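Residues per chain are reported as follows:
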Amino acid sequence: MQDHRMRVLLLTSGFQKNSSGGIAAFLFNFYREMDPRRIDADFVAIAYQCFDLYRKAIELLGGRLHCLNVHRFKGITGKRNYLKAVSQFLDEHEYDIIHIN
């Protein structure tokens, strides 16, 4: 029987450009405790790349970073753009678990 590595997506907004918020720090610390022999994880920022401070460490641990580049969330158009970007990303990638923060 072949072992299945669980695929996990950690999704958060980007908050502010060129900064890393508490949620990104929490998700990175959570990721460091995952067993890399059993779990593959991707990080997705909706807007700005809030994981830049952790990029090198995440990649050394085998994680991948993605940014959806949706910079406007207000109003119907912003929410539609956000949902479209997330939907398109999920159409192109397959995960066992999705954590949205």
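Our structure's up above, just so we're on the same page.
These remarks concern the structure in this document. What you are looking at is a predicted structure, and each value in this text was computed from that prediction instead of being measured.

Here we look at the packing of aromatic side chains
Taken as a whole, this structure holds 4 aromatic pairs when the rule is applied. Each ring, one from F26 and one from F30, has its centre 6.1 Å from the other, and the planes form 15°; the classification is stacked. One end of the pair is F26 and the other is F30, both in helix α1 (residues 22–32) and 4 residues apart, which spans about a single turn. The interplanar angle of 15° and the centroid separation of 6.3 Å between the aromatic rings of F89 and Y95 together place this pair among those described as stacked. For the pair shown, F89 and Y95 are each scored as buried.

Describing the sheet that holds strand β3 (residues 64–67)
As summarised here, the arrangement of the 4 strands in space is β3-β2-β1-β4, forming an open sheet in which the pairing is parallel. Pairing within the sheet leaves two strands with one partner each, and these edge strands are β3 and β4 (97–100). Within this sheet the neighbouring strands show an average axis-to-axis angle of 20°, counted without direction. When strand β2 (residues 39–45) meets β3, the two strands line up parallel, connected through 4 bridges. Paired with A45 across the two strands is C67, which belongs to β3.

What counts, and where the lines are drawn
- Residues numbered from 1 in each chain as written.
- Predicted model: local features only at pLDDT ≥ 70, side-chain atom pairs only at ≥ 80, totals over all residues.
- Heavy atoms only, no water.
- Phe/Tyr/Trp six-rings, centres within 6.5 Å; stacked < 30°, edge-to-face > 60°.
- Helix = DSSP H or I, 4+ residues; strand = E, 2+ residues; numbered from the N terminus.
- Buried < 20%, exposed > 50% of the residue type's maximum accessible area, 1.4 Å probe, protein only.
- Pairing = 2+ DSSP bridges.
- Axes fitted to C-alpha atoms, helices over the stretch in contact; angles between N-to-C directions.

Treat this as a map of the structure, not an account of what it does.
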